[in-house]
Amino acid sequence: MESGRFNIVLGLVVMVASAFIGVALGQSMEQYYVSGYAQIPLWRHLASAGHTHSMPFGLINIVFGLLLARAECSSGVKKAASVLTALSLCLPLGTGLRGVTQGAPFTEIIAMVGGLSMLAACALMIRLQWCRKA
């Protein structure tokens, strides 16, 4: 956990999974263009937004994993930063689930946990980098 390897591997897995989901979404788009340009229902937009958000969130996990490897702090702080960064993936997961479940309200809580975790992880990472010895 101290090396940031968990977040690097998690980010790569999320990016690969997101790529496969994107291919599946793209292969099934034709039916929405038959009756006119972009006649896509809301649930489809939300599922697509989950896919779109998961790519940069996976990349953020990779970058934070690399930064954690260089951070000069206790292993507890590194573990907290790693867990918060991993939990940030709840945002695209909640968004995608909201689309797949066609608007189920419980998914908003999942997405909110992800967003708040991302904010907390960014604040913690700023603190870790700011206090770094020269």
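In this text, all values refer to a predicted model and were calculated from it rather than measured experimentally.

Some remarks on the nonpolar core
One broad trend across soluble globular proteins is that nonpolar side chains are buried collectively. Counting seven residues, the largest nonpolar core consists of Phe64, Leu68, Ala71, Ala81, Ala121, Met125 and Leu128. Those elements that provide at least two residues to this core are helix H2 (42–70) and helix H5 (106–130). Top element by residues in this core is H5. It accounts for three residues. Met125 has contacts with Phe64, Leu67 and Leu68, leaving out every residue within four places of it along the chain.

So, the packing of H2 against helix H4 (residues 90–100)
Helix packing for two helices is described by the angle between their axes and how far apart those axes are. Running from N to C, H2 and H4 point in directions that differ by 165°, and their axes come no closer than 7 Å. Here H4 runs roughly antiparallel to H2, going by the angle between their axes. Note that H2 runs across H4; the crossing there is left-handed. For the pair H2 and H4, the contacting residues are Trp43, Leu46, Ala47, Ala49, Gly50, His53, Ser54 and Phe57 in the first and Leu91, Pro92, Thr95, Gly96, Arg98 and Gly99 in the second.

Section: the confidence of the model for the chain
Per-residue pLDDT for the chain averages 87, and the proportion of residues at 70 or more is 94%. Taken element by element, the chain is modelled with least confidence in H2, mean pLDDT 88, and with most confidence in H5, mean pLDDT 92.

What about unusual backbone geometry?
The phi torsion at Gln102 lies on the positive side, around 55°, for a residue other than glycine. Tracing the backbone through its elements, the reader meets Gln102 in the loop between H4 and H5. Its relative accessible area of 59% is what places Gln102 among the exposed residues.

A few points about the side chain of Asn61
Within the secondary structure, Asn61 is located in helix H2. Overall, Asn61 belongs to the buried group, its relative accessible area being 0%. The residues touching Asn61, leaving out its near neighbours within four places in the chain, are Asn7, Ile8, Leu10, Gly11, Thr85, Ala86, Ser88 and Leu89.

Side note on H5
For H5, spanning 25 residues, the distance from its first C-alpha to its last is 37 Å, which sits close to the expected 36 Å at 1.5 Å a residue. Burial in H5 covers these residues: Thr107, Ala111, Gly114, Gly115, Ser117, Met118, Ala121, Met125 and Leu128.

As for the pattern of salt bridges
For the structure shown, the criterion picks out one salt bridge. Among the salt bridges present, the one from Glu108 reaches Arg98, with a minimum N-O distance of 3.4 Å. With Glu108 in helix H5 and Arg98 in helix H4, this residue pair connects regions lying 10 residues apart in the sequence. Exposure remark for Glu108: the relative accessible area of 40% places this residue in the partly exposed category. Given a relative accessible area of 30%, Arg98 falls into the partly exposed group.

Here's the deal with a nonpolar patch on the surface
Side chains of Met112, Leu116 and Leu119 sit close together on the surface and give an oily, nonpolar patch of about 350 Å² of accessible area. Along the polypeptide, Met112 turns up in helix H5.

Calculation criteria
Residues numbered from 1 in each chain as written. Predicted model: local features only at pLDDT ≥ 70, side-chain atom pairs only at ≥ 80, totals over all residues. Heavy atoms only, no water. Core = buried A, V, L, I, M, F, W, Y, C linked by side-chain atoms within 4.5 Å. Buried < 20%, exposed > 50% of the residue type's maximum accessible area, 1.4 Å probe, protein only. Helix = DSSP H or I, 4+ residues; strand = E, 2+ residues; numbered from the N terminus. Contact = heavy atoms within 4.5 Å. Axes fitted to C-alpha atoms, helices over the stretch in contact; angles between N-to-C directions. Parallel < 35°, antiparallel > 145°, perpendicular 65-115°, else oblique. Left-handed = near helix turned anticlockwise from the far one by under 90°. pLDDT = per-residue confidence, 0-100. Expected span 1.5 Å × (residues − 1). Salt bridge = Lys/Arg side-chain N within 4 Å of Asp/Glu carboxyl O. Patch = residues over 30% accessible without salt bridge, like charges linked within 9 Å, V, L, I, M, F, W, Y side chains within 5 Å. Areas by Shrake-Rupley, 256 points an atom, 1.4 Å probe, with all protein chains shown as cover.

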